[in-house]
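This is what each chain is made of:
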Amino acid sequence: MSKKAAIRSTLPGRIKVILQNFWGMSLIFIFLMILLRALELYLVFSNHVLPFAIGDILKDIFIQDLTWLAYLLGLLFTCYLVVVLISSPLAKWLLLLFLTILVLVQAALVFYFFKTLLPLGKDLFAYSTEDLLLTIQASGQLNVFSVSMLFFSFVLVGFLMHLGTRFFRFPLKAMLFLTGLFILSVVTVILLPDLVDDSATEVETNVTRNKSRYLTEESFDYLMYGGEYYFDFYLRSGTEDLIVEKEFVDDTYPFAHKADYPDVLSPFFDSLEQAPNLVFIFLESFGKAYSGKDAYLGSFTPFLDSLEQHSLVWMHALSSTGRTFGLQPGVFGGLPFGEKGFLELYQEFPYHETLLSILRKNGYETRYFIGADKNFDHVGSFIEYQQPVQFVDERLFDPKYSKSPSTGNFSWGYADKELFKNGLEKLPRSLESPQILVFQTQTSHDPYLVPEREKYIQKFENHLSNYLNLSEGQKADYRSYRDIYMTVLYADDAVSEFFDEYQRRPEFQNSIFIITGDHRLPEVPMSSRIDRFHVPLIIYSPLIKRPEYFEGVSSHYEITPSILSFLEAQVDIQLPEVVTWQGQVLDTAQTFQSRIAMPLMRNKNQLIDYIHGDIFLSDGQIFQISRGLNIDPITSPNDLNRMIGEFEEFKNKNSYMVQTRRLLPPQ
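Along each chain, residues carry numbers from 1 onward, in the same order as the chain's sequence is written. Only residues with pLDDT of 70 or above have their local features reported here, since the model is predicted, and side-chain atom pairs are shown and tallied only from 80 upward, although totals for entire chains, interfaces and linings are computed over all residues. Side-chain measures were taken over the full set of non-hydrogen atoms in the model, leaving aside hydrogen atoms and water.

J.: Got a minute to help me understand the pairing of strand E19 (residues 630–633) in this structure?
T.: Across a regular strand the side chains alternate sides, sitting on one face of the sheet and then on the other. Pairing analysis gives 4 bridges linking strand E18 (residues 621–626) to E19, with the strands arranged antiparallel. Bridge pairing in E19 places Ser626 opposite Asn630. Hairpin geometry of E18 and E19 is characterised by an intervening segment of 3 residues between the two adjacent antiparallel strands and by a positive phi of about 85 degrees at Gly628. Between any two strands, at least two bridges found by DSSP are needed for them to pair. Helix numbering and strand numbering both begin at the N terminus, where a helix is a DSSP run of H or I of at least 4 residues and a strand a DSSP run of E of at least 2.

In structure tokens, the structure reads:
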């Protein structure tokens with residue numbers, strides 16, 4: 001009898017130890033997560049200029065964090081009890097390890113968000129290990145000090161978790177009550193609907209989000225559903241509200257079509273006597289928000305502003321992606337994205353044609369100049385597929401040039417002024433064939449370190465006072481992003497110096513310059529979900545007879561078909577009958593309108609935006625687009641269903657292309 005009584009007496013003690021270990025560590029974990037959220041809000045609101053106050057989002061933050069902690073700890077509690085049946089000490093140490101890692105991951109996500117104002121999601125899986133390491137090195141975060149701090153933080157957090165099991169020693173009844181209350185809260189969270197504020201801006205939503213929750217949900221979505229493909233689609237001609245009517249020719253090549261792409265550029269040009277040279281200038285992180293007429297943040301590109309007065313300018317131009325990976329496929333080919341961007345198909349590109357390959361068959365030569373490593377994002381593979389006669393990246397720069405400033409031992413490459421100087425020096429003095437010249441800048445990119453720093457600090461201050469005419473009170477907001485704006489001023493100067501030099505070349509008078517940004521930078525808060533895609537688009541040439549600003553919505557997708565139709569009309573180049581351009585043609589309307597339909601990819605692996613006409617679908621919600629690319633949420637079930645249907649059709653055709661590599665029939 002005494003033995004049975006002894007056995008009964010140990011059970012409450014064992015339950016108490018089990019719950020004590022769980023709640024001792026969990027309470028420390030909750031405290032640290034709250035502390036990290038407070039740190040996040042402090043960093044974000046003290047370093048960024050946001051159009052809302054902390055008080056406006058505290059309720060949503062509380063709901064986000066509370067529901068996430070309930071979900072997470074509920075799952076961990078279940079797993080913990082299962083492992084306890086095997087070994088109580090093992091369960092304790094596994095829980096300690098997992099909670100410690102979660103705290104460190106949350107801290108890393110907080111600092112990532114503080115710098116970028118974008119939460120890390122499934123785009124994490126879209127980059128190779130090498131590209132991720134290059135990005136971290138460029139930010140200056142990969143060094144002995146940071147690695148040492150990581151190790152120290154791991155030990156400290158682990159020690160605090162262990163200390164919690166010693167410090168929080170509640171009576172068994174209190175432990176059981178706490179556990180019961182916790183289980184009730186988990187059940188309540190599961191049954192409650194997901195409360196989402198549809199009126200919140202993208203920045204507001206991003207600040208509100210719990211960063212580890214977002215990464216977990218995005219990762220789950222990618223790992224569970226990222227490999228599923230559906231091929232239910234039907235081929236249809238373009239609808240009446242779009243500019244171009246497309247006749248799809250083969251259901252085994254769902255993007256291939258015939259169409260009459262009108263020549264919209266010739267009315268603004270003198271008649272051409274010979275094939276013109278095409279000069280593309282791709283400006284890193286150049287958004288319309290801070291460049292050109294009607295830039296709502298004020299323009300930081302005085303040279304481009306002056307060039308606009310003699311150019312064709314599209315006020316409502318969109319990039320196809322929110323990062324650089326879509327630039328070349330979008331501008332030169334209007335190509336579908338694939339799973340992670342068209343460039344990620346580099347190991348086996350589907351047969352395709354682009355502006356570069358078509359003009360090569362018409363006697364053009366392509367020369368590509370980039371100040372960074374051509375292998376990043378596999379840009380090199382795509383351009384080499386087009387068979388350029390010259391491709392210069394950082395490896396082929398003249399030794400007299402120095403790489404950009406860096407925060408560590410790694411630099412993205414050469415600054416923009418060096419890019420243009422080196423490129424012009426490497427051009428042959430005499431060019432027998434018409435040319436396509438491409439210059440891709442990189443200075444206006446994180447970590448935003450500008451050469452000639454003292455010069456550009458002064459230039460920045462002068463620009464605020466004399467160009468933007470800001471008061472002292474207004475200047476404070478801009479100084480929060482001084483380093484970023486300085487790189488934009490620097491890039492603008494680099495383009496100015498390039499034009500000064502290039503106009504001395506004999507081919508200048510017969511050249512057409514296409515200048516655009518790859519995307520808007522995210523570090524300066526965006527005004528809306530579509531703002532990241534709103535970029536400058538300028539066509540300048542001495543051959544232009546009538547400069548003009550256009551209000552029609554256009555995109556990178558419209559550049560290639562517009563230029564090819566223009567050259568066909570002017571110099572009789574030969575074009576393929578079947579093409580895969582996703583775009584229309586550049587809209588030269590003088591009043592605001594939208595007659596395009598296209599998907600937009602925010603980040604690699606994040607395809608949740610679609611535009612058709614003046615309706616914008618974003619993450620399951622629709623908006624009305626107005627002048628300035630302002631968007632307002634609307635409620636229209638018919639439009640929502642139509643947009644979702646069109647978007648799903650594109651995604652299914654896109655998935656089919658990835659699996660079959662059938663994009664364009666061999667011609």
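From this point, things continue past the structure.
J.: Any chance you could explain the packing of helix H14 (residues 453–467) against helix H16 (residues 482–502) here in plain terms?
T.: Lines fitted to C-alpha atoms define the axes, with helix axes restricted to the stretch in contact, and inter-axis angles between N-to-C directions lie between 0 and 180 degrees. Contact pair H14 / H16: the axes reach a minimum separation of 9 Å and the direction vectors enclose 95 degrees. Our classification of the angle between H14 and H16 gives roughly perpendicular. Where H14 approaches H16, its residues Arg453, Tyr456, Ile457, Lys459, Phe460 and His463 are matched on the opposing element by Arg482, Asp483, Tyr485, Met486, Leu489, Tyr490 and Asp493. Classification used: nonpolar for Ala, Val, Leu, Ile, Met, Phe, Trp, Tyr, Cys and Pro, charged for Asp, Glu, Lys and Arg, polar for all others including Gly. Looking at the contact of H14 with H16 residue by residue, the class counts come to 7 nonpolar, 1 polar and 5 charged. Orientation is classified from the angle alone, with under 35 degrees giving roughly parallel, over 145 giving roughly antiparallel, 65 to 115 giving roughly perpendicular, and any other angle giving oblique. Contacts are assigned to residue pairs that have any heavy atoms within 4.5 Å of one another.

J.: Explain the pattern of salt bridges to me, please; I cannot follow it from the model alone.
T.: Between side chains of opposite charge, pairing is possible as soon as their charged atoms come close. Any carboxyl oxygen of Asp or Glu that lies within 4 Å of a side-chain nitrogen of Lys or Arg is treated as forming a salt bridge with it. A complete count under the given rule lists 35 salt bridges for this structure. For the salt bridge of Lys604 with Asp377, the shortest nitrogen-to-oxygen distance reads 2.7 Å. Separated by 227 residues along the polypeptide, Lys604 in the loop between strand E15 (597–600) and strand E16 (609–612) and Asp377 in the loop between strand E6 (365–370) and helix H12 (379–385) bring together distant segments of the chain. With respect to class, Lys604 is no different from Asp377; both count as buried. Think of it in three bands: with a 1.4 Å probe and only protein chains considered, a residue is buried below 20% of the maximum accessible area for its type, exposed above 50%, and partly exposed in between.

J.: What is the right way to read the sheet that holds strand E3 (residues 277–283) from this model?
T.: Strand pairing in a sheet takes place through backbone hydrogen bonds and is either antiparallel or parallel in direction. One open sheet holds the 8 strands; their spatial order is E7-E6-E8-E3-E9-E11-E4-E12, and the pairing between them is mixed. The open sheet has two edge strands, strand E7 (390–392) and strand E12 (548–550), and neither has a second partner. The sheet shows a mean angle of 10 degrees between the axes of neighbouring strands, taken without regard to direction. Pairing of strand E4 (residues 311–314) with E12, which is carried by 3 bridges, proceeds in the parallel orientation. Across the sheet, residue Leu312 finds its bridge partner in E12, namely Glu548. Lying on the sheet, H16 is in contact with E3, strand E8 (435–440), strand E9 (511–517) and strand E11 (537–540); it crosses E3 at an angle near 165 degrees. Sitting on the sheet, helix H17 (residues 559–571) touches E3, E9 and E11, and the angle it makes with E3 is about 165 degrees.

J.: Sorry if this is basic, but what is going on with a nonpolar patch on the surface here?
T.: Judged by side-chain polarity, Leu85, Ile86, Leu90, Leu94, Leu97, Ile101, Val105, Phe151, Phe154 and Val155 come together as a nonpolar surface patch covering roughly 960 Å² of accessible area. Per-element tally for the nonpolar patch: the top contributor is helix H3 (residues 88–116), with 5 residues. Turning to its location among the elements, Leu85 is positioned in helix H2 (residues 54–86). On the basis of relative accessibility, which here comes to 75%, the residue Leu85 falls in the exposed class. Each patch is built from residues that are more than 30% exposed by relative accessible area and take part in no salt bridge. Like charges join if they lie within 9 Å; nonpolar side chains (Val, Leu, Ile, Met, Phe, Trp, Tyr) join within 5 Å. Note on areas: Shrake-Rupley, 1.4 Å probe, and residue coverage restricted to the protein chains presented here.

J.: Looking at this model, I keep getting lost on the sheet that holds strand E10 (residues 534–535). Mind explaining?
T.: The 4 strands are arranged E10-E5-E13-E14 in an open sheet whose pairing can be described as mixed. In the strand order of this sheet, the two ends are held by E10 and strand E14 (593–594), each with one partner. Across 2 bridges, strand E5 (residues 317–318) lies against E10 in antiparallel orientation. When the sheet's bridge partners are listed, Ala317 is paired in E10 with Val535.

J.: Quick question: what am I supposed to make of the packing of aromatic side chains here?
T.: For Phe, Tyr and Trp, where Trp contributes only its six-membered ring, two rings pair if their centres lie within 6.5 Å, and the inter-plane angle classes them as stacked under 30 degrees, edge-to-face over 60, or tilted in between. Throughout the structure, instances matching the rule amount to 40 aromatic pairs. Judged by centre distance (6.5 Å) and plane angle (15 degrees), the ring pair of Phe300 and Phe460 falls under stacked. Of this pair, Phe300 sits in the loop between E3 and helix H9 (302–308) while Phe460 sits in helix H14, and the two are 160 residues apart along the sequence. For the residue pair Phe300 and Phe460, the accessibility class agrees, reading buried in each case. Judged by centre distance (5.4 Å) and plane angle (40 degrees), the ring pair of Phe420 and Phe439 falls under tilted.

J.: Would you explain the nonpolar core in this entry?
T.: Soluble, globular proteins show a tendency: their nonpolar side chains are buried together. To form a nonpolar core, buried Ala, Val, Leu, Ile, Met, Phe, Trp, Tyr and Cys residues must be joined to one another through side-chain atoms within 4.5 Å. In terms of nonpolar packing, the biggest core is built from 84 residues, with Phe269 and Phe280 touching the most fellow members. Ignoring anything within four residues of it in the chain, the contact list for Phe280 reads Val331, Phe332, Leu355, Ile436, Leu437, Val438, Phe439, Ile514, Ile559 and Ile563. Judged by nonpolar contacts, the second largest core, of 55 residues, contains Phe303, Phe369, Leu468 and Phe513.

J.: So what exactly am I meant to see when it comes to H3 here?
T.: The end-to-end C-alpha separation of H3 is 42 Å, in line with the 42 Å expected for 29 residues at 1.5 Å each. The term polar contact refers here to a pair of N or O atoms within 3.5 Å; inside protein, the definition further demands a hydrogen-donor-capable atom paired with an acceptor-capable atom, and it admits residues adjacent in sequence only when both atoms are side-chain atoms. Its side-chain oxygen placed 3.3 Å from the backbone nitrogen of Leu90, Ser87 serves as the N-cap of H3. Immediately downstream of H3, the backbone of Leu117 shows phi near 60 degrees, a positive value. A helix is expected to span 1.5 Å for every residue after the first.

J.: So what exactly am I meant to see when it comes to the packing of H2 against H3 here?
T.: A pair of packed helices is characterised by two quantities: the angle between their axes and the separation of those axes. Running from amino to carboxyl end, H2 crosses H3 at an angle of 155 degrees, the nearest separation of the two axes being 7 Å. When the interaxial angle is binned, H2 and H3 end up roughly antiparallel. For the element pair H2 and H3, the recorded crossing hand is right-handed. Mapping the contact onto sequence places Leu72, Leu73, Leu76, Tyr80, Val83, Val84 and Ile86 in H2 and Ser88, Leu90, Ala91, Lys92, Leu94, Leu95, Phe98, Leu99 and Leu102 in H3. Of the residues that constitute the contact of H2 with H3, the class distribution is 14 nonpolar, 1 polar and 1 charged. With the far helix as reference, a near helix turned anticlockwise by less than a right angle produces a left-handed crossing, and one turned clockwise produces a right-handed crossing.

J.: For this particular structure, what's the right way to read the environment of Pro262?
T.: Mapped onto the elements of the fold, Pro262 is located in the loop between strand E2 (257–259) and E3. For Pro262 and Phe566, which are 304 residues apart along the polypeptide, the C-alpha to C-alpha distance reads 8.3 Å. Setting aside residues up to four positions removed in sequence, Pro262 forms contacts with Val244, Ser565 and Val585.

Take it as geometry only, folks, not as evidence of what the structure does.
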